[in-house]
Amino acid sequence: IRTNAPIDFEPMDAVVQPYNKEALYKLFVQLEFVKLIDKYGLRSVTIQEEKRPCKCEKLPVKEQIDADCKEFALYLAPDSSVGIAWEKGVCVFTPMEAMMLGDVFSADSNIICHDLKTTLHRLDEMGLPKGRFIFDTALAAYDLNPSQSDYPVSKLATNYLGLNVDDGDACACAEALWNLKPALLAELDKTGMARLYNEIEFPLCEVLYRMEKEGIAIDPEQLSQFGNMLTQRIDDCEKLIYSYSEEPFNINSTKQLGQLLFEKLGLPPIKKTKTGYSTNADVLEKLRSKHPIIPAIMDYRVLTKLRSTYAEGLLNAIAADGRIHTTFQNLVTATGRLSSTEPNLQNIPVRTDLGAEIRKMFIPKPGYVLVDADYSQIELRVLAHIADDEVMRKAFIEGMDIHTVTASQVFGISPDQVTSLQRRHAKAVNFGIVYGISEYSLAEDIGVNFYEAKEYIENYLNNYHGVRDYMKNVVIDAKEQGFTQTIYGRKRYIPELKSSNFNIRQGAERIALNTPIQGSAADLIKLAMIRVDTALRENYPDAKLLLQVHDELIVECPAEIAS
């Protein structure tokens, strides 16, 4: 060891120096490192010590807002305080004080808000009037970056204005909204998404608000009887399972079930996890023919899911008016699709007899009927359009069954020779192609070997040349641009396309392939919702749009006008 080596270093140089909290907070917000913000105590420090001071002054209510204030930003804080910002100032009110602002909330006022749909519901709850809303900052931010986890004012203020505000401060947030509008409008124009926002996303908010408020009725007596029937069948399943296991055990315990199946009964373990044997649906499906206990366990899982999610879940979701009011999430999915929560009314099973029974329990008001209208194979039609595939377009234009046409192409036979099995296989190929399915997955889905599945896909692409070229080019374009987009210009950024990890990159390529199709279909159904809602309110005011389930709309209308 050279003890006299020339080293220009002092131990004090290695002492950790104070970091720039504001810069670190902004970086963590931008990268969505929420846990690190809390770990380093940046949230409270930034907000409490470094927050931009609000211009809010506590003046008599009528003196705070100019009589000619025709445009303002409105923010409803979690504590129900009301923040208002306009060209000449900022102020905050209690809900009671805000009730005195009827003139401000008039139809002549233009209001900027944050999450319009939620704002409309909260104004109802607080007993406040509604004016004319012209801009939604949360919705604009979602359109610009649909992959974010959430869109609070604090995050948008940091990202677009370089400011730190507290989401609980009505005054500061209202001021931020006022300044966010021009910044977000500029970004929408810059990215080419102003049309998407103005023609689809923003008009849809009030449609969704009316749908959520209207709700849909369900027969509680039928639902209760259905739950009792499920309970009896679950009990029968349990007895059958215990007869095979020769002792009772917790069927819902993955550990206990794994020990029973793979140790006591000696079934071949398909997959192991860090904590033991996997007993997920895929594993059980592969073991179905190995032992009679497997089908019984699969039936038990289906029945318990139906009871907890639907029989009990829907019963508990019935409001005082006898209707279920789901929430349509319009700021969540990366593809632009709506999702339904609390409860989820878009995922009610229809492929099983029991699942179909649940749908029958949704009922109209006396003297009314439920009318269901859907798009026929919307995603495949979008694919035919985007890919400009001559064969597929011709099939749709001539009103032919697309799955039969595909079967004739894949198997090299005339459409009238296609069997029901061949049509089912072609259907799996049609929808699988849309999602970038692999030969292995297709083989597993339709019960053929790898080489047959590979031949099906090759024959498909050899006949649908437009689709083949689309699948190749859309991924290349997405890698070059960093994003993919829908017909209406909705963008989805996919940085994972440049990942060094093969599996991540392959998954990103499937996203690039599917997003323009699924996203365009989502845009079209949203447009349909806006137009149906407008037509109903103008021509049939007693008819109401109640639900959207991906490609179908459900309307409640008087029986005499249903046809």
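A. The layout of surface pockets, seen in detail. Of the volumes computed, that of the largest pocket is approximately 980 Å³. Looking at the largest pocket, it is lined by 28 residues, and the ones nearest its centre are R337, R351, V549, H550 and D551. At the level of secondary structure, the elements contributing two or more residues to the lining of the largest pocket comprise α16 (378–387), α19 (420–434), α23 (502–539) and β16 (544–549). A per-element tally of the lining of the largest pocket places α23 first, with five residues. Across the lining of the largest pocket, the residue classes break down as twelve nonpolar, seven polar and nine charged. The computed volume of the second largest pocket comes to approximately 430 Å³. Taken together, 25 residues line the second largest pocket, and the ones lying closest to its centre are H114, D115, T118, A138 and L331. At the level of elements, β1 (71–76), α6 (116–126) and β10 (327–329) are the ones that each hand at least two residues to the lining of the second largest pocket. Among the elements that line the lining of the second largest pocket, the one with the most residues is α6, at five residues.

B. A look at helix α18 (residues 402–411). For α18, a buried count of eight out of ten residues is recorded, marking the element as mostly surrounded by other parts of the structure. Along α18, the residues that are buried comprise I402, H403, T404, V405, T406, A407, S408 and V410. Against α16, α17 (390–397), α19 and α21 (450–463) lie the buried residues of α18. Trailing α18 by a residue or two, G412 shows a phi angle of about 65 degrees, which is positive.

C. Representation of the packing of helix α8 (residues 153–161) against helix α9 (residues 170–191) within the structure. The N-to-C vectors of α8 and α9 enclose an angle of 50 degrees; their axes lie 10 Å apart at closest approach. Classified by the angle between their axes, α8 and α9 sit oblique to one another. For the pair α8 and α9, the sense of crossing is left-handed. Packed against α8, whose contacting residues are V153, L156, A157, Y160 and L161, the element α9 presents C173, A176, L177, N179, L180, A183, L184 and E187 at the interface. When its residues are assigned to classes, the contact of α8 with α9 shows eleven nonpolar, one polar and one charged.

D. How the structure looks around the pattern of salt bridges. Under the criterion given, the structure shown has 25 salt bridges. Across the pair D124 and K213 runs a salt bridge whose closest N-O atoms are separated by 3.3 Å. One end of the pair, D124, is in helix α6; the other, K213, is in helix α10 (residues 194–214), and 89 residues separate them in sequence. Accessibility expressed as a relative area gives 47% for K213, which makes it partly exposed. Salt bridges linked by common partners bring D143, E201, R490, D523 and K526 together as one network.

E. View of the nonpolar core. Counting 61 residues, the largest nonpolar core has F72, L74, Y75, V82, I84, F133 and L188 as the members making the most contacts within it. In terms of residue count, the dominant contributor to this core is α9 (ten residues). With near-sequence residues (within four places) excluded, L74 lies in contact with V82, G83, I84, F105, I111, I112, C113, H114, T119, L123, F133 and L177. With 56 residues, the next largest nonpolar core counts L208, L260, M298 and C557 among its residues.

Here is what the cut-offs are and how they apply
- Residues numbered from 1 in each chain as written.
- Predicted model: local features only at pLDDT ≥ 70, side-chain atom pairs only at ≥ 80, totals over all residues.
- Heavy atoms only, no water.
- 1 Å grid on protein atoms, 1.4 Å probe; cavity = no way out; pocket = protein on both sides within 12 Å on 5 of 7 lines; lining within 4 Å.
- Points joined across faces, edges and corners; volume = space filled by probe spheres on them.
- Helix = DSSP H or I, 4+ residues; strand = E, 2+ residues; numbered from the N terminus.
- Nonpolar A, V, L, I, M, F, W, Y, C, P; charged D, E, K, R; others polar.
- Buried < 20%, exposed > 50% of the residue type's maximum accessible area, 1.4 Å probe, protein only.
- Contact = heavy atoms within 4.5 Å.
- Axes fitted to C-alpha atoms, helices over the stretch in contact; angles between N-to-C directions.
- Parallel < 35°, antiparallel > 145°, perpendicular 65-115°, else oblique.
- Left-handed = near helix turned anticlockwise from the far one by under 90°.
- Salt bridge = Lys/Arg side-chain N within 4 Å of Asp/Glu carboxyl O.
- Core = buried A, V, L, I, M, F, W, Y, C linked by side-chain atoms within 4.5 Å.

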